[in-house]
Amino acid sequence: MTENVWTRWPSREALRRAGIAPARRALAWFVRLLVLALLLWGAFHERHVHGWAAMAAVAGVIVTVVVSWGFFRTTYAHRLVPSLALVSLLLAIAIVAQAEGFRGPALVIWCGCGISALERLPLGAAVPVASVGLASYAAYNNDVWLTTAATAVGMALAGYVLRLDAEARGSAQRLLAQERAARAAEAESAALAERARIAREIHDVLAHSLSAQMVHLEAARLLIERGADREQILERVVAARGMARDGLAETRQALSALRGELTPLEDFLTEIVGSVDGADVTVTGERRALPAEASQTVRRVAQEALTNVRKHAYGAKVQVRLDYSEHEVTLNVRDSGGRPGELTGAGGGYGLLGMRERAELLGGSLEAGRDDEGFEVRLRVPV
């Protein structure tokens, strides 16, 4: 529902000094001091007062200043009744000043009330107050009627222009506050996303490393239960230790990746494929640097797929193919099929599921399944 323009207050952002340029603040203070000087000059110039009369004139000026300050505070607080009471008191002070012969101060107060009412009150209240103030000014001003009328209209327009300027400044302040809040929310969201990314990286590294260690440790346990010789058991334990060492290296690499210190993807694939017997890697397309998230996803899927080969197709031939196209990068890991490893059932079986979720977060996809030739994992990531 649209607020009635006649009852709407100028916003608090419009009524306060925030957003006003220093030069304009200096000008505003100059105008206030000029008005005060006019009040004092009018009080002592038009009638040469002395003694108690002088003290009364000074007291009147002080009361006018205090009431004006109160009017500014109540309008800022959007309190209509106290604001109208104070501006009415100012108009009454002007009438008393005019009756006592202080014509100059009375005219200044009437003009100030008219302009300030149009600037700071709802229009429904501002128009009557401004009409009374400017009509009083016109009635007691001794200039030519046309000059007086033009001056009154000019002051009314000045008050309304000040109102529009204040509203524009208030809108700018609100937009600035909203922009700052949006930036703060965006920064907080980015921080949370970065934390989630770090947690995901560390989780994937540890899940892959611990799963591989579990394979070898569980194999060592089975060998012990079967009464295998010492060399076979030691081989598995040494392999588990190597997996732990590799896990630490991968953790450091993940942290380096988060800092933007990624090794080339092709070199990484060549390195991990070199640790698997009967595996090779092929890279096609125009090689280029990938975003950190996409590059890390390709690396993790390649690691998970090769770990599954060791577990479920021991001794199989593995072909790793990385293809760069215009809008995406594709990783294809295919094994030729082999005998199940000693620990086909080891692990929770959630590795590829986690990789699929990770790919979908980037707008990509991961497909995995068996066919007549073996098992294939295919990852597509947009870049």
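Residues numbered from 1 in each chain as written. Predicted model: local features only at pLDDT ≥ 70, side-chain atom pairs only at ≥ 80, totals over all residues. Heavy atoms only, no water.

Caption draft 1: Summary view of the overall build of the chain. Helix and strand content of the chain: 11 helices and 5 strands. Burial status across the chain gives 37% buried among its 383 residues. Considering only contacts within the chain whose residues lie at least 6 apart along the sequence, 71% involve residues at least 24 apart. Working note: accessible area of the chain is about 21700 Å², and carbon and sulfur atoms make up 62% of it. (Helix = DSSP H or I, 4+ residues; strand = E, 2+ residues; numbered from the N terminus. Buried < 20%, exposed > 50% of the residue type's maximum accessible area, 1.4 Å probe, protein only. Contact = heavy atoms within 4.5 Å. Areas by Shrake-Rupley, 256 points an atom, 1.4 Å probe, with all protein chains shown as cover.)

Caption draft 2: How the structure looks around helix H6 (residues 123-140). In a regular helix each residue adds 1.5 Å, so 18 residues correspond to 26 Å; H6 covers 25 Å between its end C-alpha atoms and thus fits that length. All buried positions along H6 are accounted for by Leu-123, Ala-125, Ala-126, Val-129, Ala-130, Gly-133, Leu-134, Ser-136 and Tyr-137. Here the buried residues of H6 occupy an arc of 165 degrees about the axis, which is enough to place them on one side. (Expected span 1.5 Å × (residues − 1). Arc of directions from axis to C-beta.)

Caption draft 3: Structural context of the pattern of salt bridges. One pass over the structure, following the stated rule, counts 7 salt bridges. Two residues, Glu-376 and Arg-334, come together in a salt bridge whose shortest N-O distance is 2.8 Å. Pair noted here: Glu-376 is in strand S5 (residues 374-382) and Arg-334 is in strand S3 (residues 328-335), with a separation of 42 residues, a long-range link. Residue class for Glu-376 comes out buried when judged on its relative accessible area of 16%. Residues Glu-376 and Arg-378 are paired through a salt bridge, measuring 3.2 Å at the closest nitrogen-oxygen approach. Overall, the relative accessible area of 25% leaves Arg-378 in the partly exposed class. Through salt bridges that share partners, Glu-218, Arg-221 and Glu-225 make up one connected network. (Salt bridge = Lys/Arg side-chain N within 4 Å of Asp/Glu carboxyl O.)

Caption draft 4: The confidence of the model for the chain, seen in detail. When the pLDDT values of the chain are averaged, the result is 78; 81% of them are 70 or greater. Note on residues 342-350: pLDDT is under 50 here. Beyond four places in sequence and across chains, it has 16 contacts. (pLDDT = per-residue confidence, 0-100.)

Caption draft 5: Here's a closer look at helix H10 (residues 292-312). Counted at 1.5 Å a residue, the expected span for H10 with its 21 residues is 30 Å, and the 30 Å between its end C-alpha atoms agrees. The buried fraction of H10 is high, at 18 of 21 residues.

Caption draft 6: Layout of the nonpolar core. Counting residues in hydrophobic clusters, the biggest one holds 29 residues, and the most contacted among them are Leu-269, Leu-306, Leu-322, Leu-331, Val-333 and Leu-379. Elements with a minimum of two residues in this core: helix H9 (265-273), H10, strand S2 (318-324), S3, helix H11 (351-361) and S5. Among the elements that make up this core, the one with the highest residue count is H10 (7 residues). Counting residues in hydrophobic clusters, the runner-up holds 26 residues, among them Ala-97, Cys-111, Val-129 and Ala-152. (Core = buried A, V, L, I, M, F, W, Y, C linked by side-chain atoms within 4.5 Å.)

Caption draft 7: Inspection of the packing of H9 against H10 at higher detail. Relative to each other, H9 and H10 sit at 10 degrees, their axes nearing to 11 Å. The orientation of H9 with respect to H10, classified from their angle, is roughly parallel. Every residue of H10 that contacts H9 at Leu-265, Phe-268, Leu-269, Ile-272 and Val-273 is listed here: Ser-295, Val-298, Arg-299, Ala-302, Gln-303 and Leu-306. Among the residues forming the contact of H9 with H10, the class breakdown is 8 nonpolar, 2 polar and 1 charged. (Axes fitted to C-alpha atoms, helices over the stretch in contact; angles between N-to-C directions. Parallel < 35°, antiparallel > 145°, perpendicular 65-115°, else oblique. Nonpolar A, V, L, I, M, F, W, Y, C, P; charged D, E, K, R; others polar.)

Caption draft 8: Expanded view of the packing of helix H4 (residues 80-99) against H6. At a minimum axis separation of 11 Å, H4 and H6 run at an interaxial angle of 5 degrees. When the axis of H4 is compared with that of H6, the two are roughly parallel. Of the residues in H6, those in contact with Leu-80, Leu-84, Val-87, Leu-91 and Gln-98 of H4 are Ala-125, Val-129, Val-132, Gly-133 and Tyr-140. Of the residues in the contact of H4 with H6, the class split is 8 nonpolar, 2 polar and no charged.

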